[in-house]
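The residues making up each chain are set out below.
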Amino acid sequence: MNNSRTSASSSVSAGIQRALGNTIGDAIGRAASTYGSRTALTFDDRTWTFSDIHTASNRLAHRLIALGLEKGDRVGAYGKNSDAYVLLWLACAKAGLIHVPLNYALIGHELTYALNQSGCKALFADLELQPQVDAVRSTTELAINGSLYGGGESDALQFALEAGEDTAPELELSDTDVVQILYTSGTTSDPKGAMHTHRSLMTHYGACQYHLDIRASDRSLAALPLYHSAQMHVFTMPMLLSGGYSRMINTPTPDAILGLIVSDRLNAFFAPPTVWIALLHHPQFNPDKLQHLNKLYYGASIMPGQVVKELGEKLPGAGLYNCYGQSEIAPLATVLRPEEHADRPSSAGRPMQTVMTRIVDPATGKDCKPGEQGELVHRSPQLMVGYWAKPEATEEAFKDGWFHSGDLGYQDEEGYIYIVDRIKDVVNTGGVLVASRDVEEALYQHESVAEVAVIGVPDEKWIEAICAVVVVKEGYPEDADALMNHARTMLASFKLPKHIHFAEQLPKNTAGKLLKRKLRDDLG
């Protein structure tokens, strides 16, 4: 046995390591080389080719370094969708900086927390958000306060457009370097920053391209926020690396979405269930004008079965893709493809080729049998390498060598996964656990229901009482008795709501994700 053998990585020269490079910057360079003068992105009146994006992000990377930023420094991005947002992200990746996307709805303490917890040295924000930055800047360690576009001394778009060095900075970068800190969606009071490397994201992009059928011929609408991992990492980046076209907007209203899909002949669109529901109920939703829309992606939360059915009926020529995951896994973990929807419309699909998933008993960690409910746990090179500055939370999340998702689900005999609920959203009523989704699915089938969310509220007798918050369709009365009578025909008695509240709308974050925590706070 030869004990003098060393690992390949320790014996490879710097030249070989550079030739093997597979960072995000390397991938953008390859896309520019392959697709060159083809149009990659349009925002407002600005159109960018693949070569434009590569060279502009190179120039911006050099300017970031010239500002005094060094490898590993954190750079916050605080704004709505724009070409400048994408360029800043790519420039950070090329300059060895860590990009920190921030929800543009954050203000005050929440904004301060994210900036300070991540240790941001620089922040680039939309001009309209500058007052929120000014209000907290004295409580942060920010050394650089720039704008994404529109003016100012340190303006990311202006840096990208000005004459400068067109080639990428010559830095020693590894695909194991952390390139982004993704904060969890804020459904808890203390968000955690998931650290992703070039390797985790690059692995993820390839899997998305394969499982979601992303092609150079695609024309997609990028309407959901780029600070959210789904829009940026499941669609915008894989589209950019595949040679596809993205039409980007920063105000995803139903009017704007439907108008652009028709006028620009866009064939691919991702949205969470709340947005698809709004589109289906919108007067401009005309299936005859949407026949070219052949890739319908949905995810970020559970889609009601009735909505999946209605989309399939109204757009029968389109392929439906159910995308399940979470920020910690970059974020896509499983996909239900178009050809699988007919037999299993309520399934989240099967794990991607880069993901291994088990369903385990949360108490014992042992595998559940098909049909038995348990927690989803994952192994994958797509996973984060930990939560920023939270070692205890990291250890807990990766207990026993698996990432613990916090999601409750089960598998069928063929390995298809069904998401039942977030474990924290299961209602404990009288000692019996009830999945909120079961109650929501039943109520959704009443003709008057536009949206519904089910939560548990404190109750002296039941521990938690099942409470349904309902938004009715226009023209229908708010009739709790009718909904209860309907529920009795579909649910066991212990699953029936004890309370029904009506609301004009449900609370959602800017990515369209339902905020049940807000409902619990308001009604608890």
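Numbering of residues starts from 1 in every chain and runs along the sequence as written. Only residues with pLDDT of 70 or above have their local features reported here, since the model is predicted, and side-chain atom pairs are shown and tallied only from 80 upward, although totals for entire chains, interfaces and linings are computed over all residues. The side-chain quantities take in all heavy atoms of the structure and omit both hydrogens and water.

The numbering of helices and of strands both runs from the N terminus, where a helix is a DSSP run of H or I of at least 4 residues and a strand a run of E of at least 2. With respect to the helices and strands, Asn-294 occurs in the loop between helix 12 (273-280) and strand 12 (295-299). Any residue under 20% of the maximum accessible area for its type is buried, any over 50% is exposed, and the rest in between are partly exposed; the area is computed with a 1.4 Å probe on protein chains only. Classification of Asn-294 by relative accessible area gives partly exposed; the value is 33%. The sequence separation of Asn-294 and Trp-89 amounts to 205 residues, and the corresponding C-alpha distance is 29 Å. Looking at Asn-294, its side chain comes within polar contact range of the side chain of Asn-267, at 3.0 Å. Polar contact is defined as a pair of N or O atoms within 3.5 Å, subject to the rule that within protein one atom must be able to donate a hydrogen and the other to accept it, and that residues adjacent in sequence are counted only when both atoms are side-chain atoms.

Okay, the sheet that holds strand 13 (residues 319-325) next. A pair of strands is treated as paired once DSSP finds two or more bridges between them. Read from one edge to the other, the open sheet built from nine strands follows the order 2-1-10-9-11-12-13-14-15, with strand pairing classed as mixed. On the outer flanks of this sheet lie strand 2 (46-49) and strand 15 (350-351), each paired with one strand and no other. The sheet contact formed by strand 13 and strand 14 (residues 332-336) spans four bridges and is antiparallel. When the sheet's bridge partners are listed, Gly-325 is paired in strand 14 with Leu-332. Contacting strand 11 (268-271) and strand 12, helix 12 crosses the sheet at an angle of about 115° to strand 11. Throughout, a contact is declared for two residues whenever any of their heavy atoms are within 4.5 Å. Angles run from 0 to 180 degrees between N-to-C directions of axes, and those axes are lines fitted to C-alpha atoms, restricted for helices to the stretch in contact.

To continue, consider the nonpolar core. Soluble, globular proteins show a tendency: their nonpolar side chains are buried together. Formed by 81 residues in total, the largest nonpolar core has its most connected members in Leu-212, Leu-221, Ile-257, Phe-269, Trp-276 and Tyr-297. The element that contributes the greatest number of residues to this core is helix 12, accounting for five residues. For Leu-221, the residues in contact, after removing those within four places along its chain, are Arg-247, Ile-249, Ile-257, Leu-260, Ile-261, Leu-266, Ala-268 and Phe-269. Among buried residues, those of type Ala, Val, Leu, Ile, Met, Phe, Trp, Tyr and Cys that are joined through side-chain atoms within 4.5 Å constitute a nonpolar core. Within the second largest apolar cluster, 71 residues are counted, among which are Ile-24, Ala-77, Phe-124 and Leu-129.

With an omega dihedral of 10°, the bond running from Ala-330 to Pro-331 counts as a cis peptide bond. Non-glycine residue Ala-330 carries a positive phi angle of around 90°. Looking at where Ala-330 falls in the secondary structure, it is placed in the loop between strand 13 and strand 14. Judged by relative accessible area, Ala-330 falls into the buried class, the value being 0%. At Asp-400, a residue that is not glycine, the phi angle is positive and equals roughly 65°.

As a further point, take the packing of helix 11 (residues 254-263) against helix 12. Taken N-terminus to C-terminus, the directions of helix 11 and helix 12 make an angle of 75°; their axes are 10 Å apart at the nearest point. Here helix 12 runs roughly perpendicular to helix 11, going by the angle between their axes. Together, Pro-254, Ile-257 and Leu-258 of helix 11 and Val-275, Ala-278 and Leu-279 of helix 12 make up the contact between the two elements. Three classes are used, and their members are as follows: Ala, Val, Leu, Ile, Met, Phe, Trp, Tyr, Cys and Pro are nonpolar, Asp, Glu, Lys and Arg are charged, and the others, Gly among them, are polar. Looking at the contact of helix 11 with helix 12 residue by residue, the class counts come to six nonpolar, no polar and no charged. Small angles under 35 degrees read as roughly parallel and large ones over 145 as roughly antiparallel, with 65 to 115 read as roughly perpendicular and the rest as oblique.

We now examine the pattern of salt bridges. By salt bridge we mean one thing: a side-chain nitrogen of Lys or Arg within 4 Å of a carboxyl oxygen of Asp or Glu. For the structure shown, the criterion picks out 27 salt bridges. For Glu-162, the salt bridge goes to Arg-63, with nearest N and O atoms at 2.6 Å. You can see Glu-162 sitting in the loop between helix 8 (156-161) and strand 7 (178-183) and its partner Arg-63 sitting in helix 4 (residues 50-66), a full 99 residues away along the chain. Of the residues examined, Arg-63 reaches a relative accessible area of 30% and is grouped as partly exposed. The salt bridge involving Asp-218 is made with Lys-295; its shortest N-O contact spans 3.0 Å. Of the two residues, Asp-218 is situated in the loop between helix 9 (198-211) and strand 9 (219-222) and Lys-295 in strand 12; the sequence distance between them amounts to 77 residues. No difference in accessibility class separates Asp-218 from Lys-295, as the two residues are buried. Because the salt bridges share partners, they merge into one network encompassing Asp-213, Arg-215, Arg-337 and Glu-339.

Now for the packing of helix 3 (residues 24-35) against helix 9. Two numbers describe how helix 3 lies on helix 9: the axes approach to 9 Å, and their chain directions differ by 40°. As the angle between them shows, helix 3 and helix 9 are arranged oblique. In contact with Ile-24, Ala-27 and Arg-30 of helix 3, helix 9 contributes His-198, Leu-201, Met-202 and Tyr-205. Counted by class, the contact of helix 3 with helix 9 contains five nonpolar, one polar and one charged residues.

Pairing within the open sheet is antiparallel, and its four strands lie in the order 16-17-18-19. Looking at which strands have only one partner, the edges of the open sheet turn out to be strand 16 (356-360) and strand 19 (417-422). The mean inter-strand angle of the sheet, taken between neighbouring strand axes irrespective of direction, is 45°. When strand 18 (residues 403-411) meets strand 19, the two strands line up antiparallel, connected through five bridges. Looking at the pairing, Tyr-410 lines up with Tyr-418 of strand 19.

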